Amino acid sequence: MKEKHTIVANRMRELREGIKLSQAKLAALLENIEQPAIFRYESGQSFPPYGVLMQYADFFDISLDYLFGRTDNPQGKLYNFQPKVWKNQSQMQELIEMCFDPSSPANAKLKDLLLQLMEEQNK
């Protein structure tokens, strides 16, 4: 458990130092957190409560998994996750059919191009 405290403490310090903020300035930007508490969290003397961890995640736009050292990719709430939602060609075709106006002369070409792009994205 001591290792987890160290990882969280180090990540908290690295995040703050990465944007060149002092502990005092960060405390002023966060709610109900004072500079001495930030010092204790960053030095590993005490473990931050849930509310503090959430504020860090929101402020620095990181995931809690990153803060806890479960991943080295900070993917926060602004991370643009694009799952592979189409399992087969027919699902893609159905979606595209709904999106295009059949009376348009470029309809067939646009649909084919979109299908090709989506297939490449899902590889």
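Before any of the text, the structure's been laid out above.
Note that residues are indexed from 1 along each chain, following the sequence as it is written. Totals for whole chains, interfaces and linings use all residues, but because this is a predicted model, local features are given only for residues with pLDDT of at least 70 and pairs of side-chain atoms are given and counted only at 80 or more. Water and hydrogen atoms were dropped before computing side-chain values, which therefore reflect all heavy atoms in the structure.

**Digging into the packing of aromatic side chains**
- For Phe, Tyr and Trp, rings pair up if their centres lie within 6.5 Å, where Trp contributes its six-membered ring, and each pair is then called stacked (planes under 30 degrees apart), edge-to-face (over 60) or tilted (otherwise). Evaluation of the coordinates by the stated rule reveals 3 aromatic pairs.
- Summarising the aromatic geometry, the rings of Phe59 and Phe60 are spaced 4.9 Å apart at their centres and angled 80° between planes, so their arrangement reads as edge-to-face.
- Within the aromatic cluster, the residues linked to one another by ring pairs are Tyr56, Phe59 and Phe60.
- Between the NZ or CZ atom of Arg11 and the centre of the ring of Tyr66, over which it lies, the distance is 4.1 Å. A ring has a charge above it when a Lys NZ or an Arg CZ is no more than 6 Å from the ring centre and no more than 35 degrees off the ring normal.

**Observations regarding the pattern of salt bridges**
- One speaks of a salt bridge when a side-chain nitrogen belonging to Lys or Arg is within 4 Å of a carboxyl oxygen belonging to Asp or Glu. One pass over the structure, following the stated rule, counts 5 salt bridges.
- Among the ionic pairs, Glu17 bridges to Arg16, the shortest N-O distance being 3.8 Å.
- Its relative accessible area of 8% is what places Arg16 among the buried residues.
- Look at the salt bridges and you will find they share partners, linking Arg13, Arg16, Glu17 and Glu42 into a network. Buried, partly exposed and exposed residues are distinguished by accessible area as a fraction of the type maximum, computed with a 1.4 Å probe on protein chains only: under 20%, between the cut-offs, and over 50%, respectively.

**Here's the deal with a nonpolar patch on the surface**
- Exposure above 30% relative accessible area and the lack of any salt bridge qualify a residue for a patch; like charges then connect within 9 Å, and the nonpolar side chains Val, Leu, Ile, Met, Phe, Trp and Tyr within 5 Å. For the area figures, the Shrake-Rupley method with a 1.4 Å probe applies, and any residue is considered shielded solely by the protein chains shown. Side chains of Ile19, Leu29 and Phe59 sit close together on the surface and give an oily, nonpolar patch of about 270 Å² of accessible area.
- Checked against the element boundaries, Leu29 lands in helix α2 (residues 23-29). Only DSSP runs of H or I covering at least 4 residues are called helices, and only runs of E covering at least 2 are called strands; the numbering of each starts at the N terminus.

**Brief notes about the nonpolar core**
- Buried Ala, Val, Leu, Ile, Met, Phe, Trp, Tyr and Cys residues that are joined via side-chain atoms within 4.5 Å together make up what is termed a nonpolar core. Residues Met12, Leu26, Tyr56, Ile62 and Leu67 are the most contacted members of the largest nonpolar core, which totals 19 residues.
- Only α1 (2-18), α2, α3 (35-43), α4 (50-60) and α5 (64-67) provide two or more residues apiece to this core.
- The leading source of residues in this core is α4, at 5 residues.

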